[in-house]
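One-letter residues, chain by chain:
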Amino acid sequence: MSWTGKILRVNLTKGSVTVEPTNMDWARAYIGSRGLGTKYLVEEVKATVDPLSADNKIIWATGPLTGTMASTGGRYTVITKSPLTGAVACSNSGGYWGAEFKMAGWDMLIFEGKSAKPVYLYINDDVAELRDAAHLWGKSVWETEEMLKKSLQDPLTRVSSIGKAGENGVLFASVVNDLHRAAGRSGVGTVMGSKNLKAIAVRGTKGVGNIKDPKAFMAAVKAGKKILAENGVTGQGLPAYGTQVLMNVINEVGALPTRNHRDNQFEGAKDISAEAMATPRASDGKKHLVTNQACFGCTIACGRISKMDENHFTIVNKPQYRGANGGLEYEAAWALGAANGVNDLEALQYANLLCNEEGIDPISFGTTVGAVMELYDMGVLTKEQVGIEATFGSAKALAFLTEETVNGRGFGKEIGQGSKRLTAKYGHPELSMSSKGQEFPAYDGRAIQGIGLAYATSNRGGCHLRGYTIASEVLGIPVKTDPLESEGKPDLVKAFQDATAAFDSSGLCIFTTFAWGLQDLAPQMAAACGDQYTVEELSTIGERIWNMEREFNNRAGFTAKDDSLPKRLLTEACKSGPAKGKVNELAKMMPKYYAARGWDSEGRPTAETKKRLGL
């Protein structure tokens, strides 16, 4: 039935590795990946646990469609309690690691306790053992992956690891696999580092079997791939331009947060866009973009491979960054660029490479730099404190602060604590563009009302991937709604959040939802796992997962007051574009959202809601 039925449990304190059966009752109710992994977390970890203590656990989880022939079936998630937010953390990654782990015969991997010394986990099908990682500690993600493949003498080994940022306690450290795919947000890499766990190296040769109805599955997969190929976004836009296709689009609708959300349009957007990446540079006549790249089993191929100008000031003496490497995605380009007023594409790519190399989330990092630049502009921070003139638009400051942060040096140590802690320390907490302590991505919640509500209510803090209403509000998928209108958005946000939870838990990529709805996921799930996975059942499961995450956060101490946005988004109106004069109408939307969710006025699921969802 598409699950392997096996879980690896690693007790880092004892140094033990044990095998146990997957709880199939939970698997049927929560599917896998995000849903099933979070179910294990909430059952085994107290919500009030210190995220960086040995009592917290960290879980790598695949979905039932991970490693299958379903398009985009390469996803896995890392689940823990976040050190950045104190809320539930669930970060999703692509590449090849997830499929490799599933093909080794495992659904999930649970780490508990803390190792007394640096270790990595080696998995080769049924063999799983902890090994010494003293020689890897202090190495980057890139060095770690290369060294492990060489020592294991198998170039097909897939590695999921942390860089120096995870070791040094940067609160938004990522877990990186395949050099530049990442479980990027909420500090999952920080928890990994706190446990002295450097990497997981896996080789799987078993493949994925147990498909309930192979013929029906192949037919459903073929139909799904046809829809993706014929869709304008998944068949044309994303393959050609990647997520960066959004830069000019979002700027045009007046929703590109600029200079720490002081502005909502960036005059330099065209210089850091997908179109700019595909245009020959004036400096050397070469294009920044080399090619696109796909993750395991993906028929979309939105990934970017880029090559920098070798004479750019950031790498003129650094040949290690001159080769073709993971390129800018939209969120990273925005966070490193528009959020700081920087329009130097090469500088953005340099910062992006460092984020991948040492494992940090470019969204939280870039947004925190935006807050630093605003504090510098206000005179609150000085050149002596920061180490450089940190003015908005300074590519040199961006490059310098990236180097300092990933290496845990100087003012970079403060940036590594995130914008909520940094702005509070310097007396201006209102300058943190975050919700529940996690920084916002690349859409202005004043110009796009639904995404503002999605930020405020996201279970993992500021996030676009928990309910991507941009699809409806900007792109018209599956139906067009007015981004400036708050009416109807509570129901829209809930629908997106629930459907997304189901897609995340299947092991497929959320980008399929530009073309697919639950009606396209259901036949693939039913054929692989069982007839009970109808559209209605998947929607209910998504809602169940959402409420389970919410309950964990409530037990951790979150209340309705935490479903909030910064004062700037609620009181300072957009200055230009179609959204000029608009603020986010959160107060109007929140009561209707709670009602749609079946929660009381304090944001707690009612007894009736919990009974209906089997919680």
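Here the structure is a predicted model, which is why all the values come from computation and not from measurement. (Residues numbered from 1 in each chain as written. Predicted model: local features only at pLDDT ≥ 70, side-chain atom pairs only at ≥ 80, totals over all residues. Heavy atoms only, no water.)

K.L.:
Now, about the overall build of the protein: what can you tell me, with residues and values included?
P.N.:
Helix and strand content of the protein: 25 helices and 17 strands. By the compact-globule yardstick of 25 Å for 615 residues, the protein fits well, its C-alpha radius of gyration being 22 Å. Here the protein holds 615 residues, and 64% of them are scored as buried. Within the protein, residue pairs in contact and separated by at least 24 positions form 68% of the contacts whose partners lie at least 6 positions apart. Total accessible area on the protein stands at roughly 20400 Å², and carbon and sulfur atoms take up 53% of it. On the protein, the mean spot of the 70 positive side-chain charges and the mean spot of the 67 negative ones are 2 Å from each other. (Helix = DSSP H or I, 4+ residues; strand = E, 2+ residues; numbered from the N terminus. Rg over C-alpha atoms; globule rule 2.2 N^0.38 Å. Buried < 20%, exposed > 50% of the residue type's maximum accessible area, 1.4 Å probe, protein only. Contact = heavy atoms within 4.5 Å. Areas by Shrake-Rupley, 256 points an atom, 1.4 Å probe, with all protein chains shown as cover. Lys, Arg positive; Asp, Glu negative; His and termini not counted. Charge placed at Lys NZ, Arg CZ, Asp CG, Glu CD.)

K.L.:
I'd like a rundown of the nonpolar core, residues and numbers included.
P.N.:
Counting 146 residues, the largest nonpolar core has I250, L256, Y330, W334, F365, Y443 and L538 as its most contacted members. Per-element accounting of this core gives the leading share, eight residues, to helix α12 (residues 345-358). Filtering out sequence-adjacent residues up to four positions away, I250 remains in contact with A255, L256, Y330, A442, Y443, I470 and V474. If you look at the next biggest cluster of nonpolar residues, it comprises 26 residues, including Y76, W106, L109 and F111. (Core = buried A, V, L, I, M, F, W, Y, C linked by side-chain atoms within 4.5 Å.)

K.L.:
Explain the layout of surface pockets residue by residue, including any values.
P.N.:
Gaps between atoms show up when a probe of the same size as a water molecule is rolled over them. Taken as a whole, the second largest pocket spans an internal volume of roughly 280 Å³. Along the walls of the second largest pocket sit 14 residues, with K420, S432, S434, K436 and S564 positioned nearest its centre. Its residues placed into classes, the lining of the second largest pocket shows four nonpolar, five polar and five charged. (1 Å grid on protein atoms, 1.4 Å probe; cavity = no way out; pocket = protein on both sides within 12 Å on 5 of 7 lines; lining within 4 Å. Points joined across faces, edges and corners; volume = space filled by probe spheres on them. Nonpolar A, V, L, I, M, F, W, Y, C, P; charged D, E, K, R; others polar.)

K.L.:
How would you explain empty space enclosed by the protein if you had to name every residue and give the values?
P.N.:
What the rule picks out here adds up to one cavity of 30 Å³ or more. In this structure, the largest cavity encloses a volume near 40 Å³. Lining the largest cavity we find V88, A89, C90, N459, R460, R466 and E549. Per element, the largest residue contribution to the lining of the largest cavity is three residues, and it comes from strand β5 (residues 88-93).

K.L.:
Before we move on, could you go through the sheet that holds strand β8 (residues 127-132) and cite the residues and values that matter?
P.N.:
Across the sheet, six strands lie side by side as β8-β7-β12-β9-β10-β11; this open sheet has mixed pairing. Two strands lie at the open edges of the sheet, namely β8 and β11 (181-183), each paired on one side alone. Each strand axis lies, on average, 20° off the axis of its neighbour in the sheet, ignoring direction. Lying on the sheet, helix α4 (residues 141-152) is in contact with β7 (119-124), β8, β9 (158-161), β10 (175-177) and β12 (197-203); it crosses β12 at an angle near 45°. (Pairing = 2+ DSSP bridges. Axes fitted to C-alpha atoms, helices over the stretch in contact; angles between N-to-C directions.)

K.L.:
Tell me about the packing of α12 against helix α15 (residues 395-406), residues and numbers included.
P.N.:
Their axes nearest at 9 Å, the elements α12 and α15 cross at an angle of 5°. With respect to α15, the element α12 is oriented roughly parallel. Two secondary-structure elements touch here, α12 through A347, L348, Y350, A351, L354 and E358 and α15 through A395, L398, A399, T402, E403 and V406. Its residues assigned to classes, the contact of α12 with α15 shows nine nonpolar, one polar and two charged. (Parallel < 35°, antiparallel > 145°, perpendicular 65-115°, else oblique.)

It is worth stressing that arrangement in space is one thing and function is another; only the former is reported here.
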